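# Structural overview for review
Spelled out from the first residue to the last, the chains are:
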Amino acid sequence: MQTRRVTILGSTGSIGRSTIDLIAREPERFPVEALTAQSNVGLLAEQALSLKAKCAVIGDESLLPELRQRLAGSGIESAAGAGAIIEAAARPAEWVMAAIVGAAGLEPTLAAVRRGAIVALANKESLVCAGPLVMREAALHGATILPVDSEHNAIFQVFDFKAPDNIDRVILTASGGPFRTLNLSEMREVTPAQAIAHPVWSMGAKISVDSATLMNKGLELIEASFLFPVPEDRIEVLIHPQSVVHSLVSYVDGSVLAQLGTPDMRTPISVTLAWPARMPTPAARLDLAAIAKLTFEVPDFARFPALNLTRQALQSGGSAPTILNAANEVAVDAFLNGRIGFLDITRIVEQTLSRVPSGPLGDLAAVHEADGTARRYAAHLIDPTDDDRVVRVQTRGRNRR
């Protein structure tokens with residue numbers, strides 16, 4: 001079996017922990033170069049010691065003394081700060097898990113791409129915010145981008161890249177989230193605790209809220225447009241509450257190929273980790289007879305306007321997806337902190353998208369400018385009087401995991 005040195009950006013998050021679980025089962029095959037986290041210093045140190053990582057990086061610089069204390073005598077290098085995370089991504093690892101949540105993951109992901117690494121992409125915002133830039137750099141430096149999101153990973157497994165003209169449609173499935181059957185009046189009253197209680201997947205708070213609004217599926221639509229050579233109007237979304245069919249590819253002859261499996265992120269992660277081979281995982285085996293019934297339905301675009309907003313941003317091009325993503329991160333943060341209601345999330349995104357002008361994304365500076373402008377505008381919509389919070393929200397969007 002091939003040995004592959006690995007780095008995990010965002011090792012203490014849900015994707016990072018699932019990746020650690022797989023690597024820990026075959027540590028000789030997957031030696032660890034670097035692990036990074038934003039603030040969970042205890043778990044980061046524990047992971048680094050357990051896997052004998054060469055380097056551990058904490059994003060919160062105030063936690064560096066504690067990290068060094070926990071790693072004392074181990075010989076493991078330690079560092080802190082956003083710059084150190086980017087440097088960790090640039091270290092010599094053949095395979096890099098890009099699992100930092102939000103726009104903050106863009107620069108570390110680009111650092112790995114520019115090194116020509118195999119990048120297991122769990123940070124969809126990198127392509128949403130800067131898809132043309134990331135894909136251009138990947139082609140220039142010979143990097144391989146492998147999708148980790150279960151939906152894109154499913155498409156990757158059944159997509160005929162040698163003959164894309166044979167593809168009729170790409171169909172992303174969505175569980176529908178915890179509020180799939182609620183009306184608008186009921187959705188207006190939901191709490192952050194209810195929104196993060198996903199009925200199928202175990203995920204972090206931000207992505208769970210995105211799943212509840214279906215913004216996550218919209219972001220995945222944008223991501224799919226960069227990963228797979230099909231026009232935007234041939235990428236569709238289908239609600240599938242059981243989350244067994246992870247996505248489908250329809251061919252011109254009428255054939256529809258799908259990837260099925262139990263909802264366990266260790267399966268798509270393993271596809272990228274062992275690629276182009278496969279590796280065993282502890283994921284539960286699919287028992288279709290026990291499940292007995294698989295259902296599908298068309299999304300309700302009136303109750304879940306995020307899907308139309310993301311398609312609108314994709315069609316507009318330029319920095320429109322960057323603006324959409326930044327506004328959504330600000331709005332979700334405000335919802336989780338009890339400052340706005342659930343339905344206000346998409347309202348703020350829509351208003352920001354319509355008011356902040358879109359422009360070309362020629363370089364990283366243009367991405368940051370669009371991102372910052374959108375964050376300031378969205379924060380102003382939430383509270384026009386709190387200028388300090390506008391600055392804090394903008395900074396947090398650049399650096400948080």
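The structure reproduced in this document is the subject of the present report. Each chain has its residues counted from 1, running along the sequence as written. For a predicted model such as this one, the threshold for reporting local features is a pLDDT of at least 70, and the threshold for listing and counting side-chain atom pairs is 80 or more; totals across whole chains, interfaces and linings nevertheless cover every residue. No hydrogens and no water enter the side-chain calculation; it runs on all heavy atoms of the structure.

### Let's talk about the overall build of the protein
- The helix and strand tally for the protein stands at 18 helices and eleven strands.
- Dimensions of the protein, computed from C-alpha atoms along their principal axes, come out at roughly 60 × 55 × 40 Å.
- For the protein, buried positions account for 55% of its 401 residues.
- Only heavy atoms enter the contact rule, under which two residues are in contact if any of them lie within 4.5 Å. Across the protein, every contact between residues at least 6 apart in sequence was considered, and the portion connecting residues at least 24 apart equals 68%.
- For the protein, the exposed area adds up to about 16,200 Å²; of that, 51% sits on carbon and sulfur atoms.
- None of His or the chain ends enter the tally, which takes Lys and Arg as positive and Asp and Glu as negative. For this purpose, a charge sits on NZ of Lys, CZ of Arg, CG of Asp or CD of Glu. Treating the 38 positive side-chain charges of the protein as one cloud and the 43 negative ones as another, the clouds have centres 3 Å apart. The helix and strand labels rest on DSSP assignments: H or I over at least four residues marks a helix, E over at least two residues marks a strand, and numbering proceeds from the N terminus. Burial classes follow relative accessibility: with a 1.4 Å probe on protein chains only, a residue under 20% of its type's maximum area counts as buried, one over 50% as exposed, and anything between as partly exposed. Working definition of accessibility: Shrake-Rupley area with a 1.4 Å probe, residue cover restricted to the visible protein chains.

### Quick notes on a nonpolar patch on the surface
- Judged by side-chain polarity, Leu-260, Leu-286, Leu-288, Ile-291, Leu-294 and Phe-296 come together as a nonpolar surface patch covering roughly 440 Å² of accessible area.
- Looking at the secondary structure, you find Leu-260 in strand E11 (residues 256-260).
- Residue classification places Leu-260 among the partly exposed residues on the basis of a relative accessible area of 35%. For patches, a residue must show more than 30% relative accessible area and have no salt bridge; joins then use 9 Å for like charges and 5 Å for nonpolar side chains, namely Val, Leu, Ile, Met, Phe, Trp and Tyr. Salt bridges are identified by distance alone: a Lys or Arg side-chain nitrogen within 4 Å of an Asp or Glu carboxyl oxygen.

### Notes on the pattern of salt bridges
- Scanning the model with the defined rule gives 23 salt bridges in all.
- One salt bridge in this structure joins Arg-114 and Glu-137, with 2.9 Å as the shortest N-O distance. Residue Arg-114 is found in the loop between helix H5 (106-113) and strand E6 (118-121), and its partner Glu-137 is found in helix H6 (residues 125-141); the two are separated by 23 residues along the sequence.
- A salt bridge links Arg-347 to Asp-344, with the shortest nitrogen-to-oxygen separation between them at 3.3 Å.

### Here's the deal with the sheet that holds strand E4 (residues 77-80)
- Read from one edge of the open sheet, seven strands run E4-E3-E2-E1-E5-E6-E7, paired in parallel fashion. The strands lining the two open edges of the sheet, one partner per strand, are E4 and strand E7 (144-147). Mean inter-strand twist for the sheet, computed between neighbouring axes without regard to direction, equals 15°.
- Pairing of E6 with E7 involves four bridges; the strand directions are parallel. The residue of E7 that forms the bridge with Ile-118 is Thr-144. Two strands are said to pair when DSSP picks up at least two bridges between them. Only the contacting stretch of a helix is used when fitting its axis, a line to C-alpha atoms as for every element, and angles between N-to-C directions run 0 to 180 degrees.

### Details of the sheet that holds strand E9 (residues 235-239)
- Strand order across the open sheet formed by four strands is E9-E8-E10-E11, with mixed pairing between neighbours. For this open sheet the edge positions go to E9 and E11, each flanked by a neighbour on one side alone. Taking each pair of neighbouring strands and ignoring which way they run, the sheet shows an average axis angle of 20°.
- Across five bridges, strand E8 (residues 167-174) lies against strand E10 (residues 245-251) in antiparallel orientation. Bridging from a neighbouring strand, Arg-169 pairs with Ser-250 of E10.
- Its contacts with the sheet put helix H7 (residues 150-158) on E8, E10 and E11, and the angle it makes with E10 is roughly 40°.

### Description of the packing of H6 against helix H11 (residues 215-227)
- Contact geometry of H6 with H11 gives a least axis separation of 8 Å together with a crossing angle of 20°. Classified by the interaxial angle, the pair formed by H6 and H11 is roughly parallel. With respect to the hand of their crossing, H6 and H11 are arranged in left-handed fashion. Facing H6, whose interface residues are Glu-125, Leu-127, Val-128, Gly-131, Pro-132 and Met-135, H11 presents Leu-219, Ile-222, Glu-223, Phe-226 and Leu-227.
- Note on residue classes: Ala, Val, Leu, Ile, Met, Phe, Trp, Tyr, Cys and Pro are nonpolar, Asp, Glu, Lys and Arg are charged, and everything else, Gly too, is polar. Considered class by class, the residues forming the contact of H6 with H11 number eight nonpolar, one polar and two charged. Any angle between 65 and 115 degrees counts as roughly perpendicular, while under 35 counts as roughly parallel, over 145 as roughly antiparallel, and the rest as oblique. In this scheme the crossing of two helices becomes right-handed for a clockwise turn of the near helix relative to the far one and left-handed for an anticlockwise turn of less than a right angle.

### Focus on unusual backbone geometry
- Trp-275 connects to Pro-276 through a cis peptide bond whose omega is 5°.
- For Pro-276, the location among the structural elements is in the loop between helix H12 (266-274) and helix H13 (288-291).
- Positive phi, normally seen in glycine, also occurs at Lys-52, with a value near 55°.
- Position of Lys-52 among the secondary structure elements: in the loop between helix H2 (41-51) and strand E3 (55-58).
- Taking the relative accessible area as the measure of exposure, Lys-52 reaches 67% and is therefore exposed.

### Concerning the pairing of E11
- Taken together, the five bridges between E10 and E11 define a ladder with antiparallel strand orientation. Residue Ser-250 lies in a different strand from E11, and its bridge partner there is Val-256.
- The antiparallel pairing of E10 with E11 creates a hairpin that spans four residues between the two strands, and Gly-254 there sits at a positive phi of about 100°.

### Looking at the nonpolar core
- Put simply, buried Ala, Val, Leu, Ile, Met, Phe, Trp, Tyr and Cys residues joined by side-chain atoms within 4.5 Å make one nonpolar core. Judged by nonpolar contacts, the single largest core of 88 residues is most densely connected at Phe-159, Leu-324, Ile-340, Phe-342 and Ile-345.
- With ten residues, the top contributor of residues to this core is helix H15 (residues 320-336).
- Sequence-distant contacts of Phe-159, defined by excluding residues within four places in its chain, comprise Pro-164, Ile-167, Val-170, Phe-228, Pro-229, Val-230, Val-249 and Tyr-251.
- The next biggest cluster of nonpolar side chains, apart from the first, holds 37 residues, and it includes Val-6, Ala-37, Leu-64 and Leu-146.

### Here's the deal with H7
- Burial of H7 is extensive: seven of the nine residues sit out of reach of the surface.
- Where H7 is concerned, the buried positions are Ser-150, Glu-151, His-152, Asn-153, Ala-154, Ile-155 and Val-158.
- Looking at the buried residues of H7, the elements they touch are E7, E8, H11, E10, E11 and H12.

### Notes on the packing of aromatic side chains
- Any two rings among Phe, Tyr and Trp, with Trp reduced to its six-membered ring, count as a pair given centres within 6.5 Å; such a pair is stacked if its planes are under 30 degrees apart, edge-to-face if over 60, and tilted if neither. The full count for this structure, using the stated rule, is six aromatic pairs.
- Their ring planes at 65° and their centres at 5.7 Å tell us that Phe-335 and Phe-342 sit as a pair that is edge-to-face.
- The exposure class of Phe-335 is buried, given its relative accessible area of 1%.

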